[in-house]
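Notes for the structure review
Spelled out from the first residue to the last, the chains are:
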Amino acid sequence: MATQVPRTAEMHLPSWLWGGDVPALFSAAHLIVVTPPSQGRGLVVEAVERTHPKEKPKLVVSRELAGPGIDQPVFDLLTELDSPAYEQIQAGGDRHEPELQRHLAGLRERAEHSPPLSAISATFAAHQLVTMTSSASELPLAARTAWNEIRQIELAESTSPAYPDASVHFVQRAEAILHRTKLAAVLLRLEHDDRLRSGDLTAVQAALANGQEVFAAGGALGEGFALLDAYLAPLLGAMTPFVWAFPATRASGTVLYALGKQIRGTEPVAAEPLHLLPARSADRASSAPTVAAGASGAAITWWTRRLDKIMSVISDPAIYSDAMGQYSPSKHLHAQLSLDQLFRRVGSIQRAHRDTDARRVLLFTVLDTLERLTNRSLVEMCTLRFAERTLTKLRALMPADAASLLLPAAERAVDAIKQLQDGFFVARQAGASVVAFRNNVGEARPLSFESAAAEYVRVLRNATHGHGSNRKDHKPLVDALLAHHSGQLPHDLGLLGWLYLLDVMASPESLRRTLWASGAD
């Protein structure tokens, strides 16, 4: 078996695909045909960016349109970036629909007559709605108006502007991502549909005529590739429970409005009736971190450049080839869905500031997904020294301005592991430095607080199926950890998901090697 990640994969595609013009499909997908098909063999293809490894893939790009980072706003660029061709699939539909106008009027009314935090939320939501539903020709004016109005908002206690350093950015993904990721769904249907594989297109043509999806394998599970909303959500939640930017998602890309500072993301009291229901929330207040003046632009730039490389990895057919060089669509789909799941659930962790139990369960599933994507064990990722090394590595790899925005929540995650270790009350009350227990054959087995804390997280992860162990060799450890620990898990422990997502972002080549190794058999 190959020891290096290959650059090419052999694919067998039906001649009728893409209207009978398969070469045009590969061109749109930024794939190169290295070897044309021959007797018994398919096309051997390679991702364009693999032929020039020192160049950026350019699958995800961002532009700063206005803000401290540029001399003059360039909102007119949106006319080029947001083609009128996208309007028919634009989110929000007809911007003149009465329902849409009523919604906008309601937001403006709320912005004028609500308490400060609710008012600012409504103001930003109105700008978000207008940006999302503007036509391509109106978008530059909509974005400029939003930027100007955000910068004119005054502090409650003075006439000074609240967001003088606000900036506007546009993040766009290449169509090639969609074509590459869709190949897996096409070939999977061919594998599992005998009629289609034989060349009978009757069912497919009928479905298309009725407006139905025909190559939809796992589509709704991994739809984040279409708008990149799932992949920008963790970036926007980086300062949880504070908010530093908000998005307006369009079919052509996402307009990001960065405030240049953070604002409180939650009300101290119930903001809506659902908040009146019982729930365990944060166990301590979070202080707002101080961010550098250029942090917003630096963080968006760092994230999109790394996301560009991650998208290149996840969409590269060569990674999903087997030992014979044959492309495996099932391996590709598994990887795509796992990555989408990781980003979405980290975003959910960040939004679950009011619900510690939801955040904890989300962490467990994120750690499970990370095990698959990084080949690291849950216990290793919950070990303090490993978490600290990861944080140190990120500091070294990340520009200081970006780090001031992206790393405070990761630092809180590391601190949460330290707090978790303090929960072993039996040993601490006895003045011991280890958690002592006996294994299933009666042998003494001391565990350091560090190891015990990591094992304790695994016990709780396993307890999502119900507490207790049916494995005789594990039962003494499980029972001892439950007996020795108070059960207090810091709310910020959930942010371990954010720490290790950043690590995935910072190490695209590691992701490439792990995915290849898992699909090389």
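Look up: the structure comes first, before these words.
Residues numbered from 1 in each chain as written. Predicted model: local features only at pLDDT ≥ 70, side-chain atom pairs only at ≥ 80, totals over all residues. Heavy atoms only, no water.

Another aspect to go through is the overall build of the protein. Within the protein, the regular secondary structure consists of 22 helices and nine strands. Principal-axis analysis of the C-alpha atoms places the extent of the protein at approximately 75 × 70 × 45 Å. Looking at the protein as a whole, 50% of its 521 residues qualify as buried. Of the accessible surface of the protein, which amounts to about 24,700 Å², a share of 52% is contributed by carbon and sulfur atoms. Mean positive and mean negative side-chain charge positions of the protein (52 and 55 charges, respectively) differ by 6 Å. (Helix = DSSP H or I, 4+ residues; strand = E, 2+ residues; numbered from the N terminus. Buried < 20%, exposed > 50% of the residue type's maximum accessible area, 1.4 Å probe, protein only. Areas by Shrake-Rupley, 256 points an atom, 1.4 Å probe, with all protein chains shown as cover. Lys, Arg positive; Asp, Glu negative; His and termini not counted. Charge placed at Lys NZ, Arg CZ, Asp CG, Glu CD.)

Turning our attention to the layout of surface pockets. As a volume, the largest pocket reaches approximately 1,200 Å³. If you trace the largest pocket, you find 38 residues lining it, with S121, V243, G265, T266 and R351 closest to the centre. Where the lining of the largest pocket is concerned, the elements lending two or more residues are α4 (116-133), α10 (229-236), β6 (242-249), β7 (254-264) and α12 (329-351). Of all the elements, α4 adds the most residues to the lining of the largest pocket, at seven residues. The residue inventory of the lining of the largest pocket, partitioned by class, reads 17 nonpolar, 13 polar and eight charged. Of the voids in this model, the second largest pocket is the one considered here, and its volume is about 630 Å³. Residue lining of the second largest pocket: 27 residues in total, with L178, T181, K182, A185 and F215 positioned closest to the centre. Put simply, the parts of the chain that give the lining of the second largest pocket at least two residues each are α6 (175-192), α9 (224-227) and α12. Here the residues of the lining of the second largest pocket sort into 17 nonpolar, seven polar and three charged. (1 Å grid on protein atoms, 1.4 Å probe; cavity = no way out; pocket = protein on both sides within 12 Å on 5 of 7 lines; lining within 4 Å. Points joined across faces, edges and corners; volume = space filled by probe spheres on them. Nonpolar A, V, L, I, M, F, W, Y, C, P; charged D, E, K, R; others polar.)

Buried residues dominate α10, accounting for six of its eight residues. Every buried residue belonging to α10 is among A230, Y231, L232, P234, L235 and L236, and all of these are buried.

A word on the pattern of salt bridges. Side chains that carry opposite charge are capable of pairing whenever their charged atoms lie near each other. Following the criterion strictly, the structure yields 22 salt bridges and no others. Where E46 meets R7, a salt bridge forms, and the shortest distance between an N and an O atom there is 2.8 Å. With E46 in strand β3 (residues 43-47) and R7 in the segment before β1 (8-11), this pair connects stretches of sequence that are 39 residues apart. The buried category is assigned to E46, whose relative accessible area is 8%. Its relative accessible area of 42% is what places R7 among the partly exposed residues. Notably, a salt bridge pairs D492 with R412, separated by 3.0 Å at the nearest N-O pair. Remark: R412 occurs in helix α17 (residues 408-421) and D492 occurs in the loop between α20 (475-484) and α21 (496-506); sequence separation between them is 80 residues. Of the residues examined, R412 reaches a relative accessible area of 17% and is grouped as buried. (Salt bridge = Lys/Arg side-chain N within 4 Å of Asp/Glu carboxyl O.)

Strand order in the open sheet formed by three strands is β1-β3-β2, and the pairing between neighbours is antiparallel. Each end of this open sheet is capped by a strand with a single partner; those strands are β1 and β2 (31-35). Between one strand axis and the next, the sheet turns by 40° as a mean value, whatever way the strands run. (Pairing = 2+ DSSP bridges. Axes fitted to C-alpha atoms, helices over the stretch in contact; angles between N-to-C directions.)

An α-helical turn contains 3.6 residues, so any two residues separated by three or four positions project in the same direction. With 18 residues, α4 should reach 26 Å at 1.5 Å per residue; the first-to-last C-alpha distance of 26 Å fits that figure. Among the residues making up α4, those that are buried are L117, S118, A119, I120, A122, F124, A126, H127, L129, T131 and T133. (Expected span 1.5 Å × (residues − 1).)

To summarise the sheet geometry, strands pair through backbone hydrogen bonds and adopt either a parallel or an antiparallel arrangement. Strand order in the open sheet formed by four strands is β4-β5-β7-β6, with antiparallel pairing between adjacent strands. Both edges of this open sheet fall to β4 (60-66) and β6, since each of them pairs with a single strand only. Sheet twist, expressed as the average angle between the axes of neighbouring strands with direction ignored, equals 25°. Where strand β5 (residues 167-173) and β7 come together, five bridges link them in antiparallel fashion. Looking at β7, one finds that H169 is bridged to L256. Of the strands in this sheet, β6 and β7 touch α4, which is tilted by about 25° from β6. Running over the sheet, α10 touches β5, β6 and β7 and is turned about 160° from β6. (Contact = heavy atoms within 4.5 Å.)

The analysis is restricted to geometry; functional conclusions fall outside its scope.
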